[in-house]
Amino acid sequence: MSETGTIDDGSDRRLKLLIGLVVMLGLGASTIWAVHAARHPQPRPSALMLALLTATVIVAQRWRVSVRIRSSLLGTAWGEVPVLVGLALMPPLWVLLCVVTGQGLLKIATRSGLRKIAVAMAKESLTVSAAAAVLLALGVRPDPADPYVPVLALVAAMVAFAVVDQMVFLPIVAADTGTTIRQAARQNWTGTIIGHLGQFLVCLGVLWVLATDANVLLLLVVPLVVACMHLWQSRTTRTRQERESWQRLAKATDELNAVDLTRVLHSATTRAAQIFSAAEAAIDLPDRSVRATGKVVLSDTPLAGGPARPDETTVDLVAHDGGMRVGVLRLRFGGTVRLTEVEQYKLRTFASAVCTAIRNAQAYAQLERIAAENAHAATHDPLTGLPNRRQLYERAGRLFTDTGHDGMVALLLIDLNHFKEVNDTLGHAAGDDVLREVADRLNASAQPGDLVARLGGDEFAVLLTGLPTPALAGHRAATMLGALEPSIEVEGMRITVEAAGGIALAAGAGSVEELMRRADIAMYQAKRAGEPTMIYAHARDTADVERLMLTGELRRAVNEHEFTVDFQPIVDLGSGEVISAEALARWKHPDQGDLDPTQFLEAVERSGQLPAFADAVLEQSLLAMQTWREAGFDLPVAVNVSPRSLLDPNFPAAVLARLEHHDVSPGQLILELAETLTLSQIDVVERTLAELRNAGVRLAVDDFGTGVSSLSVLSRIPVHELKIDQEFVAAVETSAEAAAVIRTTVDLARNLHLTVVAEGVESEPQRRALWELGCLAGQGHLFARPLSAARFLGTLQRGSGGRPGVLASALHDAGAVVRMPVRRAAGAGRSSLPHLPA
């Protein structure tokens, strides 16, 4: 017979109604049999038989094989045997009284609740009544002297007993556990059938002994047979349960081999509820809680679960190898449940597998996040969040290969005017704020399908798509540049950003590189013309020197040594003595004649020929130094270096290798850096410059004072020399502001122990004015124009006034005491200028 082991006092209304119905039916059945006994009186059984039957009922009900469903126990007992044997020996009413009394005494002894006692006694009343009614209907009358019961009648009575037992028990179990009646019936159905079959055989044997002349002592064998059958059934049921449970655990472990954390958590909670027959299972992580039944996930929230409830069993999610706990697994049974030792081991094994799966999923999620971040970083600008040059090229490349897109495509290249002044006056952080605001405005004004990218520095690009006509590209460009016109507030200041844009249509460009080149040309043409935007026109491109790059003339110029170097002397303004020289590159073009760097340097930088060009200039400069040194003039030489060369990690090694090859001391080489070098470029080239300086190479800032980044550059680059731009030198006699700039530069250099060289010295009055302001060195046409290495040597050898190496008369007599407005501090070891006599 089956029974529920625990019925939750907090069950729902349906459960209460079912329990009430069972109790009422049980009382009704008992009443019917009492009326029947009154109308058909029969002899009362002896007290010994009643006591023996009651005791047998207690033993049979206590001896059971149970299967747990959540907090309820579905058990198979041996209660049919005493009931059916009793109905063959005594009237039904007395059997009912003995069975109900035995069940009640057993529940009281096990300290069951009042509701459990009532349900158990009512259920026994109904099952006994069903079996008795079947026997009575089939004509079987109780007779202690001849307890004969036909086999078919015995089978019918047992079937009636079992059917009523299941009809009463299964709805209560289903309501208590939240499952369906079908699911409850499928639990241990094979064990139930085997148990009924065994009880039928025992009943048949006992009644055969009592109804025949067989030795009554054979009844003593019955308990042994029942015990053996019970142990076999118990072991079989337990083995089957464990096998099925381990199979479910193995299947669940396979399902946990997933890389998605949500899938792992959902699978783990549903499988936990199934494996351990729990009403609910929950997994609490530090930042997430998932709750599920054996069929469906109930919730997945970012909030962790609360404290453990009385009906919960919890286990930490820790791997077998120990380590940090990742969370807690909670099993809720709907009532108090004590897990067996095997179930506890299985729970720990499952928790370890879940822990490992969660760790793997979290690690995979972290790897995916890192990969996504790296992929995003590879295609996006870290400052503005816009796509970068790489994504722009990829998107444009797809548009070139995909002919199925609607409309025309154009590229708008935007360069901010005078952004360097903002960046360096207000600081790098303020400049970044401006760039971010510009990026936001451009992005907001772009059309759907357009791509706004930042190429670097203050340069942006917009890939315009879906253009119905070429003229609309100019309209869109004007709209986007117009979005930059409203002033931007940075650190309490209102700043107006101006920009120039170049537009190139993709049609006819052939490649992304050519499209970019055309937009770049158009942008610089717009800058030169003072226009906000300009569309690329091939007719205007033919006069641009950059076309040389397309015809391969730069590569030819390098291979055929068309690049030459002229040298302009740098002179001590006081004595007129040559103290160094500046190397100036020239391109002796066979068709266009001599081209200076302003005409071809940008093309060189864009062509990929910059390393070869820089190497050629340095090689010729060092050869000239060797020649001069052999002639007795050991002069340092200043060589201009492009910021792009400093981006090459091999550049320092190449320079030092050249110096060593020509046996020139690193201190004799001065690398001149453009004052327009931006802070963003300095961040990249700082290591390269430090490597060169540490090797002894001297650094100079060219055109110092033309911009407002000067102090920022000096704070980041350990230079040795400052060169004053010629526009200040030209106005030194007539402009107080120019004189003030030069004086400030000289004072700054004196405090920092730097050399100052004035560029563009054209007259003696300029020379004297500079000298009186404290500038001790200069270069310009007053002393000599740029000369070839050979002519430079001849000029040195001729000298001036019979003095080789001197190109101008002294401003003072030798040995005279000169009062200088500004004097360099003693020990200014970085200057290559001779000290004036005191």
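What counts and what doesn't
Residues numbered from 1 in each chain as written. Predicted model: local features only at pLDDT ≥ 70, side-chain atom pairs only at ≥ 80, totals over all residues. Heavy atoms only, no water. Helix = DSSP H or I, 4+ residues; strand = E, 2+ residues; numbered from the N terminus. Buried < 20%, exposed > 50% of the residue type's maximum accessible area, 1.4 Å probe, protein only. Contact = heavy atoms within 4.5 Å. Areas by Shrake-Rupley, 256 points an atom, 1.4 Å probe, with all protein chains shown as cover. Salt bridge = Lys/Arg side-chain N within 4 Å of Asp/Glu carboxyl O. Pairing = 2+ DSSP bridges. Axes fitted to C-alpha atoms, helices over the stretch in contact; angles between N-to-C directions.

**Overview of the overall build of the chain**
From N to C terminus, the chain includes 29 helices and 23 strands. In the chain, which comprises 838 residues, the share counted as buried stands at 50%. Counting contacts in the chain only where the partners sit at least 6 residues apart, residues at least 24 apart contribute 70% of the total. Total accessible area on the chain is roughly 39500 Å²; 57% of this is exposed by carbon and sulfur atoms.

**Focus on helix H3 (residues 80–89)**
Most of H3 sits inside the fold, with 10 of its 10 residues counted as buried. Among all positions in H3, only Glu80, Val81, Pro82, Val83, Leu84, Val85, Gly86, Leu87, Ala88 and Leu89 are buried.

**Examining the pattern of salt bridges**
All told, the structure shown has 26 salt bridges when counted by the stated rule. Glutamate 514 serves as the salt-bridge partner of arginine 518, at 2.8 Å between the closest nitrogen and oxygen. Remark: glutamate 514 and arginine 518 occur in helix H16 (residues 512–529); sequence separation between them is 4 residues, near one turn of the helix. Looking at arginine 518, the relative accessible area reads 15%, which means it is buried. In this structure, the salt-bridge partner of glutamate 764 is arginine 767, at a minimum N-O distance of 3.2 Å. Taken together, the positions of glutamate 764 and arginine 767, both in helix H28 (residues 764–772) and 3 residues apart, correspond to about one turn of that helix. Beyond isolated ion pairs, a larger network of salt bridges with shared partners links Glu582, Glu672, Lys723 and Glu759.

**Overview of the side chain of threonine 54**
With respect to the helices and strands, the residue threonine 54 is situated in helix H2 (residues 47–62). By relative accessible area, which is 14% here, threonine 54 ends up buried. Beyond its immediate sequence surroundings of up to four residues, threonine 54 is in contact with Cys98, Thr101 and Gly102.

**Considering the sheet that holds strand S10 (residues 459–467)**
Reading across from one edge, S9-S10-S8-S13-S14 is the order of the 5 strands in this open sheet, with mixed pairing throughout. Each of the sheet's edge strands pairs with one partner strand only, and the pair in question is strand S9 (451–456) and strand S14 (533–535). The sheet shows a mean angle of 20 degrees between the axes of neighbouring strands, direction not considered. Direction of pairing for strand S13 (residues 498–505) relative to S14: parallel, over a ladder of 3 bridges. In the strand pairing of S14, isoleucine 503 is matched with isoleucine 535. Lying on the sheet, helix H15 (residues 471–482) is in contact with strand S8 (408–417), S9, S10, S13 and S14; it crosses S10 at an angle near 140 degrees. Against the sheet, H16 touches S8, S9, S10, S13 and S14, its axis set at about 140 degrees to S13.

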